[in-house]
Amino acid sequence: MASERPAGNKAGKLWIMIGLLIAVFGVGMTFMTNTMNAKKIDTMTEQCEKDGGEAIVSKEKNFLSTNYSFKCQ
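What you see is a predicted model; the values in this text were computed from it and never measured. (Residues numbered from 1 in each chain as written. Predicted model: local features only at pLDDT ≥ 70, side-chain atom pairs only at ≥ 80, totals over all residues. Heavy atoms only, no water.)

Draft legend 1. Region of the structure containing the confidence of the model for the protein chain. Residues of the protein chain with pLDDT of at least 70 account for 89%, and the chain-wide mean is 84. Averaged over each element, pLDDT in the protein chain is lowest for strand 2 (residues 66-72) (84) and highest for helix 1 (residues 10-50) (90). (pLDDT = per-residue confidence, 0-100. Helix = DSSP H or I, 4+ residues; strand = E, 2+ residues; numbered from the N terminus.)

Listed below in structure tokens is the structure:
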């Protein structure tokens, strides 16, 4: 006698699809956040230079994200 699950094989495929959608959404949000942060750093650099200062930007790139350190002197 075969023990058959009520949902069969379709439930596993559904969870794989949900997991892939979450992964794609997460990667997309990461890239969007990195783009927005880069634009903010550019804006802060321009503002610092307008005020007569010198902008020092340190950029550390990881696998998916980028860390910025900003200082205006």
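That covers the picture; the talk isn't over yet.
Draft legend 2. Focus on the environment of K71. Within the fold, K71 resides in strand 2. Classification of K71 as partly exposed rests on a relative accessible area of 49%. Note: C-alpha distance between K71 and M44 (27 residues apart in sequence) is 9.6 Å. (Buried < 20%, exposed > 50% of the residue type's maximum accessible area, 1.4 Å probe, protein only.)

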